[in-house]
Amino acid sequence: MSWKDDARKRQKEKAGGNQLKLAEGENSVRLMPDKKDILKGGKMQSDEDKQHSPYREFNLHYGVGATKEKPNGYTVACGLDMAGDGECWLCQEKIPELKKLPKKAATAERIKRKEAVLMQASLYDGDAETFSNPKPWNVSAGGPKSLASRLANKLLNSKRNLLDPTKGHNINITRTGDGMNTRYPDVDVDESPTPLPIEILKKVVDLDTLVPEYDAEDQKAVYFGRKRKNEDEDEDEDDEDEGGDEETGEEEEESGEDSEEETEDSEEETGEEEEESSEDSEESEEESSEEETEGEEESSEAEDEEESGEEETEDEEEPEPAPKKKSAKAKPGSKEKTGKPAPAPAKPPVKKKKK
Ligand SMILES: [Zn+2]
């Protein structure tokens, strides 16, 4: 591609989209503190004992409801927390069922829950000495060598402050490759602190509003290829994290599925990859084409099921009182977001973009 294409892509990565994406090469990233720790006037809660976690860990199901048109399926929230507690239709009913069917074993494996980590960060432009607006960042998770795990280690063990607006340090992250080949060979805390402008700090949003909520009916709708209640929400925001194996190259861990990271670059260019990543979608507005297809067609799985004539269909009809449970995974301090339509990560990007 021409230098302009490349430059546009980078610009888009910096400014466009609702999700933060690391560009290939070096990135200077500033992690944002939890919104609850940003006091009036843009000051940071200085009492560390009162501070909240700057990231959220939860589980997602990727690749659900895959069809020919949407080979990578959709991402939906899992009802189980990181300890495996809670209720989740996919984890506790459907996947165990699929595992018993030889033909469905691969599907069961593909859609099993995976860890996801959501942070909020700003990209620092060292030449201009400016920070981009903070954005939600689905950090590749899964396994001790995942980027999410490495960043968590920095947050927990670095002697340097990574969150304070005045004495905080940026983190320099090098990204190479795409998709399954994405790697983060270097993740280092910058040697010098970089003051973060209050205006940037003030744009931090409540991460709890972005953690997808578990909804059994929504899981079923996606699985069976039915229309989802909130079309907006449909999946896709970021698949990036999915397998989260990219970092280390150990694809073995769970990754297998999809190359999330691909999406990073690809989305903007090709649009096809996105589908895979469907989850990144927020950005999709621009590429909305994907969305169109989503949802309504029957998912292949659905079809399969029907063939086999099993329970699934029944499920549909069953008046299961699957009230939506919130994905309790949000961390401790999180507030409840009842009633709020599931936010970002797991849903599709559809029309929410605000400019
Ligand atoms: Zn689950």
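Residues numbered from 1 in each chain as written. Predicted model: local features only at pLDDT ≥ 70, side-chain atom pairs only at ≥ 80, totals over all residues. Heavy atoms only, no water.

Enquirer: Please clarify how the packing of helix 2 (residues 89-99) against helix 6 (residues 216-223) should be interpreted in this entry.
Expert: A pair of packed helices is captured by two measures, namely the crossing angle of their axes and the spacing between those axes. Running from N to C, helix 2 and helix 6 cross one another at 35 degrees; their axes reach a closest spacing of 10 Å. Packed against helix 2, whose contacting residues are W89, L90, K94 and L98, the element helix 6 presents A216, Q219, K220 and Y223 at the interface. Of the residues contributing to the contact of helix 2 with helix 6, the split by class is five nonpolar, one polar and two charged. (Axes fitted to C-alpha atoms, helices over the stretch in contact; angles between N-to-C directions. Helix = DSSP H or I, 4+ residues; strand = E, 2+ residues; numbered from the N terminus. Contact = heavy atoms within 4.5 Å. Nonpolar A, V, L, I, M, F, W, Y, C, P; charged D, E, K, R; others polar.)

Enquirer: Would you mind showing me how to read unusual backbone geometry here?
Expert: Both trends apply: most residues other than glycine have a negative phi, and most peptide bonds are in trans. Not every positive phi belongs to a glycine, and E129 is a case in point at roughly 60 degrees. Position of E129 relative to the elements: it lies in the loop between strand 4 (113-125) and strand 5 (130-131).

Enquirer: I'm lost on the side chain of Q19 in this one. Help?
Expert: For Q19, the position within the fold is in the loop between helix 1 (3-15) and strand 1 (25-31). A relative accessible area of 1% places Q19 in the buried class. (Buried < 20%, exposed > 50% of the residue type's maximum accessible area, 1.4 Å probe, protein only.)

Enquirer: Can you help me understand the coordination of the zinc ion in this one?
Expert: When a metal carries six donors in an octahedron, the ideal angles between them are 90 or 180 degrees, while four donors in a tetrahedron ideally lie at 109.5 degrees. On the protein side, the zinc ion has H61 (NE2), C78 (SG), C88 (SG) and C91 (SG) as donor atoms, found 2.0 to 2.3 Å from it. Between the four donor atoms coordinating the zinc ion, the angles at the centre fall across 104 to 116 degrees, so the site counts as tetrahedral. The sequence motif formed by the donor residues of the zinc ion is H-x16-C-x9-C-x2-C. Pair noted here: H61 is in strand 2 (residues 56-64) and C91 is in helix 2, with a separation of 30 residues, a long-range link. Here H61 and C91 have matching classes, each one buried. (Donors = N, O, S within 2.8 Å, 3.2 Å for Na, K, Ca; no water. Tetrahedral: all angles 85-135°; square planar, octahedral: opposite > 155°, others 65-115°.)

Enquirer: Explanation requested: the pairing of strand 1 in the structure shown.
Expert: Both faces of the sheet carry side chains from a regular strand, because those side chains alternate between them. Counted residue by residue, strand 1 has five buried out of seven residues, so it is predominantly covered. Pairing of strand 1 with strand 7 (residues 169-176) involves five bridges; the strand directions are antiparallel. In the strand pairing of strand 7, E26 is matched with T174. The pairing of strand 1 with strand 4 spans three bridges and is classified as antiparallel. Within the sheet, the bridge partner assigned to V29 lies in strand 4 and is L123. (Pairing = 2+ DSSP bridges.)

Enquirer: Please clarify how the pairing of strand 8 (residues 183-193) should be interpreted in this entry.
Expert: Where strand 7 and strand 8 come together, six bridges link them in antiparallel fashion. By the bridge assignment, H169 is partnered in strand 8 with P193. Turn length for the strand 7-strand 8 hairpin, with the two strands adjacent in sequence and antiparallel, is six residues, and the turn residue G177 shows positive phi of about 70 degrees.

Enquirer: Hey, could you run me through helix 6 in this one?
Expert: Owing to its 3.6 residues per turn, the α-helix aligns residues three or four sequence positions apart on the same side. The element helix 6 is extensively covered by neighbouring structure, given that seven of its eight residues are classed as buried. By the burial criterion, the buried members of helix 6 are A216, D218, Q219, K220, A221, V222 and Y223. Between the side-chain oxygen at the start of helix 6 and the backbone nitrogen of E217 there is a gap of 2.9 Å, and the oxygen is on D215. At the C-terminal side of helix 6, G225 shows a positive phi close to 75 degrees. (Polar contact = N/O pair within 3.5 Å; in protein donor to acceptor, adjacent residues only side chain to side chain.)

Enquirer: What exactly am I supposed to notice about the pattern of salt bridges here?
Expert: One pass over the structure, following the stated rule, counts 11 salt bridges. Here D178 ties to R175 by a salt bridge, and the two come within 2.7 Å at their closest N and O atoms. We classify D178 as partly exposed; its relative accessible area is 32%. Ionic pairing is found between R228 and D218, a salt bridge with its closest N-O pair at 2.7 Å. (Salt bridge = Lys/Arg side-chain N within 4 Å of Asp/Glu carboxyl O.)

Enquirer: Looking at this structure, how should I read the nonpolar core?
Expert: Within soluble globular proteins, side chains that are nonpolar tend to cluster in buried spots. Membership of the largest hydrophobic core comes to 25 residues, with the highest contact counts inside it found for L22, L31, W137, L147, L151 and I173. Counting residues per element, the ones that place at least two in this core are strand 1, strand 4, strand 6 (135-139), helix 4 (147-157), strand 7 and strand 8. Ranked by the residues each element gives to this core, the list is headed by helix 4, at five residues. Counting residues in hydrophobic clusters, the runner-up holds 18 residues, among them V76, C88, I95 and A108. (Core = buried A, V, L, I, M, F, W, Y, C linked by side-chain atoms within 4.5 Å.)

Enquirer: Even after reading the chapter, I still don't get the confidence of the model for the protein, so can you show me in this structure?
Expert: Low-pLDDT stretches of the model should not have their predicted coordinates read in fine detail. For the protein, per-residue confidence averages 74 on the pLDDT scale, and residues scoring 70 or more make up 61% of the total. Taken together, the stretch residues 233-355 has pLDDT below 50 and engages in 379 contacts with residues farther than four places along the chain or on a different chain. (pLDDT = per-residue confidence, 0-100.)

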